[in-house]
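# Fold and contact review
If you want the building blocks of each chain, they are given just below.
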Amino acid sequence: MFSHFCSFSSLNYNSEMFMTGTDFLQAVLWKTGKPPLKPREELNAEQFQTILDSAPRHINDNERELFRNLGENAVISFPEFLFLVSILSKPRDHFLKTFQMIDIDSNWVLTKEEFEQVENMFAEGEGGENPENTTLKVHFFKMDGSGIITFEDFVKFLDNLQKECLELEFTEKSLGKERISDRDFTELLMSRTTLCDEEQQRYIERVEQRREIDKDNSVSFAQYAQFMNLLNDIHELEIALRMFQIAKKPVTPEEFQRAVQVCTGYNFEDRLIELTFKIFDDDGDGHLAHDEFMKVMKDKIRKRGTVEATFPSGSWKAFRKCVHEHMLRTS
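Note that the structure is predicted; figures quoted are calculated from it, not measured.

The rules behind the values
Residues numbered from 1 in each chain as written. Predicted model: local features only at pLDDT ≥ 70, side-chain atom pairs only at ≥ 80, totals over all residues. Heavy atoms only, no water. Buried < 20%, exposed > 50% of the residue type's maximum accessible area, 1.4 Å probe, protein only. Helix = DSSP H or I, 4+ residues; strand = E, 2+ residues; numbered from the N terminus. Contact = heavy atoms within 4.5 Å. Expected span 1.5 Å × (residues − 1). Core = buried A, V, L, I, M, F, W, Y, C linked by side-chain atoms within 4.5 Å. Pairing = 2+ DSSP bridges. Axes fitted to C-alpha atoms, helices over the stretch in contact; angles between N-to-C directions.

Burial runs high along helix 5 (residues 78-88): eleven of the eleven residues are buried. Along helix 5, the residues classified as buried are F78, P79, E80, F81, L82, F83, L84, V85, S86, I87 and L88.

What follows is about the environment of F99. Structurally, F99 can be placed in helix 6 (residues 95-102). With a relative accessible area of 0%, F99 lands in the buried category. Residues F99 and V155 lie 56 residues apart in sequence; the distance between their C-alpha atoms is 8.8 Å. If near-sequence neighbours (up to four positions away) are discounted, F99 is found in contact with W108, V109, L110, I149, T150, F151 and F154.

The next point concerns the environment of A55. Within the secondary structure, A55 sits in the loop between helix 3 (45-53) and helix 4 (66-70). Since its relative accessible area comes to 4%, A55 is described here as buried. Through-space distance from the C-alpha of A55 to that of K142 is 9.1 Å; in sequence the pair is 87 residues apart. Among all residues touching A55, those that are not within four sequence positions of it are T135 and V138.

Once that is clear, we can look at helix 12 (residues 221-232). Count 3.6 residues to each turn of an α-helix, and residues three or four apart come out pointing the same way. Its twelve residues place the ends of helix 12 17 Å apart at the C-alpha level, agreeing with the 16 Å of an ideal helix rising 1.5 Å per residue. In terms of burial, helix 12 is largely enclosed, as ten of its twelve residues are buried. What helix 12 keeps buried is the set F221, Q223, Y224, A225, Q226, F227, M228, L230, L231 and N232.

What follows deals with the nonpolar core. Where a protein is soluble and globular, its nonpolar side chains tend to be buried together. The biggest cluster of nonpolar side chains holds 44 residues, and the ones touching the most others in it are F24, F67, F81 and F157. Looking at this core, the elements with two or more residues in it are helix 1 (2-8), helix 2 (21-29), helix 4, helix 5, helix 6, helix 7 (112-123), helix 8 (135-141) and helix 9 (151-174). Looking at which element gives the most residues to this core, the answer is helix 5, with eight residues. The residues touching F24, leaving out its near neighbours within four places in the chain, are M19, F67, I76, F81, L84, L88 and L161.

The subject of this paragraph is the sheet that holds strand 2 (residues 16-18). Judged by pairing direction, the sheet is mixed, and its three strands sit side by side in the order 2-1-3 without closing on themselves. Unpaired on one side and paired on the other, strand 2 and strand 3 (41-42) mark the two borders of the sheet. Helix 3 rests against strand 1 (11-13), strand 2 and strand 3 of the sheet, and its axis sits at about 120 degrees to strand 1.

This is how it looks when you write it as structure tokens:
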């Protein structure tokens with residue numbers, strides 16, 4: 001994963017590599033093939049500070065263009081990259097667990113010191129120093145480190161991050177239009193899998209063959225985001241559908257809709273249900289067998305940034321205790 005970071009990072013300061021906002025988005029949205037090795041610019045202290053000074057100081061409700069707006073004016077460290085990637089493919093109900101893991105003293109606010117403990121954990125084994133300030137730290141905790149993040153702010157930031165990546169992916173495919181075709185949707189979905197080109201093409205061609213004249217064969221961004229967010233809950237969906245697998249009974253559209261509602265709390269639009277069956281119903285019998293959908297979506301989905309970053313083994317409680325004791329020793 002460090003080599004992936006190195007390939008996309010375009011800044012260097014004090015012998016440490018950093019990503020810009022543009023670098024970060026390119027790295028997490030990279031699909032296949034060997035990533036390009038970017039030329040790296042050496043920053044002096046004044047240039048580094050100028051970038052920090054430009055960091056936004058508040059987490060806004062609907063800031064879905066944070067990293068696009070940062071562009072080249074950002075410094076993102078390797079531990080921060082790992083942290084961001086680790087939550088990109090997590091369902092929303094995992095945000096609380098992530099927050100509680102970082103919130104060592106359980107007071108429902110995050111301090112810079114607590115955040116840096118997690119950074120140090122992610123950096124373990126890769127060497128290098130954890131810089132005093134980065135764009136993300138200034139954004140979260142102000143330049144002097146006196147700021148805090150509430151749980152509400154934390155959820156806003158993560159929501160916006162996930163939406164920004166989805167929106168950029170959708171916009172690149174739609175060429176700025178409000179909708180993409182069913183084929184475009186299937187191509188985007190297949191690009192998120194580890195299926196070989198031949199297997200991906202089989203699904204894409206199936207959608208084309210099942211295209212209906214005089215019917216809506218397109219997908220809006222809201223629909224695209226809803227489906228991609230379901231992939232973050234894919235393990236919960238598998239549990240909801242397991243009884244059908246055990247009974248060796250294929251799933252009807254109505255049953256699939258009910259399973260989605262149970263594991264996510266929202267209903268899929270009928271258009272998405274129709275498109276899901278159009279893509280994955282192999283024999284066209286109007287039902288989904290386990291191998292037709294779940295096996296592909298659960299086993300073949302590639303995580304953002306080509307990594308499924310996880311926290312150290314053991315329970316959350318054990319890790320929190322370890323970090324808490326470290327903070328007491330160093331205070």
